[in-house]
Amino acid sequence: MGGSGSRLSKELLAEYQDLTFLTKQEILLREVLDNETGSERFGDCLRQHSEAHRRFCELLPQEQRSVESSLRAQVPFEQILSLPELKANPFKERICRVFSTSPAKDSLSFEDFLDLLSVFSDTATPDIKSHYAFRIFDFDDDGTLNREDLSRLVNCLTGEGEDTRLSASEMKQLIDNILEESDIDRDGTINLSEFQHVISRSPDFASSFKIVL
């Protein structure tokens, strides 16, 4: 990983920074730009490990860890979910599926991985975070949170063991309460704008909706 083949070019780095909420040092693997001077020189941050690219490459076979190969590679969900930062997340499978651009929705490219980290970073806006939270909770991908989505959301949060799973009556009452508070147009579902309206009243949402490598 230390050779020139493992370095992200300045142009590619700038493109990734423009397209995400991540900083240069969060994207960089380990860079030293020998010919950069003045304001173009990133200084000490270029000598830091990039958690994004480094951690992605750790999930790849050795022969795919050059920059050229890693930017074409697809990492299966099983590998992504082995990351400690995701392993304990109750929505880990949904997170991977939402950010995957592969036709089979079963793997992540490096750009998918960057998008994921960008949305879950401290610098992503509350609107961006709530938009992706909505997509993650929309289990059937129909653009609304219906009773089934809400039931699955609750089960993810409480667990489905005998000692934590809600009874049918408890689940119905909880979902009734959620819809009573959130379903502004009374159509029996929660749309994105309704969801974002509820989230806007939760000051801790943005700070809790994050993944730090």
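The rules behind these values
Residues numbered from 1 in each chain as written. Predicted model: local features only at pLDDT ≥ 70, side-chain atom pairs only at ≥ 80, totals over all residues. Heavy atoms only, no water. Axes fitted to C-alpha atoms, helices over the stretch in contact; angles between N-to-C directions. Helix = DSSP H or I, 4+ residues; strand = E, 2+ residues; numbered from the N terminus. Parallel < 35°, antiparallel > 145°, perpendicular 65-115°, else oblique. Left-handed = near helix turned anticlockwise from the far one by under 90°. Contact = heavy atoms within 4.5 Å. Nonpolar A, V, L, I, M, F, W, Y, C, P; charged D, E, K, R; others polar. Polar contact = N/O pair within 3.5 Å; in protein donor to acceptor, adjacent residues only side chain to side chain. Buried < 20%, exposed > 50% of the residue type's maximum accessible area, 1.4 Å probe, protein only. 1 Å grid on protein atoms, 1.4 Å probe; cavity = no way out; pocket = protein on both sides within 12 Å on 5 of 7 lines; lining within 4 Å. Points joined across faces, edges and corners; volume = space filled by probe spheres on them.

**Notes on the packing of helix H7 (residues 92-99) against helix H9 (residues 126-137)**
One can describe the packing of H7 onto H9 by two numbers: an axis separation of 9 Å at closest approach and a directional angle of 115 degrees. Taken together, the axes of H7 and H9 lie roughly perpendicular to each other. Handedness of the H7/H9 crossing: right-handed. Seen from H7, the contacting residues are Arg94, Ile95, Val98 and Phe99; seen from H9, they are Tyr132, Arg135 and Ile136. Classifying every residue of the contact of H7 with H9 by side-chain character gives five nonpolar, no polar and two charged.

**Structural notes on the side chain of Asp112**
Mapped onto the elements of the fold, Asp112 is located in helix H8 (residues 110-119). A distance of 2.9 Å separates the side chain of Asp112 from the side chain of Thr101, its partner in a polar contact. Not counting the four nearest positions on each side in its chain, Asp112 is found in contact with Gln74, Phe99, Ser100, Thr101 and Ser107.

**What to know about the environment of Leu108**
Checked against the element boundaries, Leu108 lands in strand S2 (residues 107-108). For Leu108, a relative accessible area of 0% puts it in the buried group. In sequence terms Leu108 and Gln74 are 34 residues apart; their C-alpha atoms lie 5.3 Å from each other. With residues near it in sequence (within four places) discarded, Leu108 still touches Phe56, Ala73, Gln74, Val75, Phe77, Ile80, Cys96, Phe99, Ser100, Phe113 and Leu116.

**As for the layout of surface pockets**
Volume-wise, the largest pocket comes out at about 370 Å³. The wall of the largest pocket is formed by 16 residues, among which Phe137, Leu153, Phe195, Val198 and Ile199 lie closest to the centre. Those elements that provide at least two residues to the lining of the largest pocket are helix H10 (147-158), helix H11 (168-182) and helix H12 (192-199). Here the lining of the largest pocket is built from residues that sort into 13 nonpolar, one polar and two charged.

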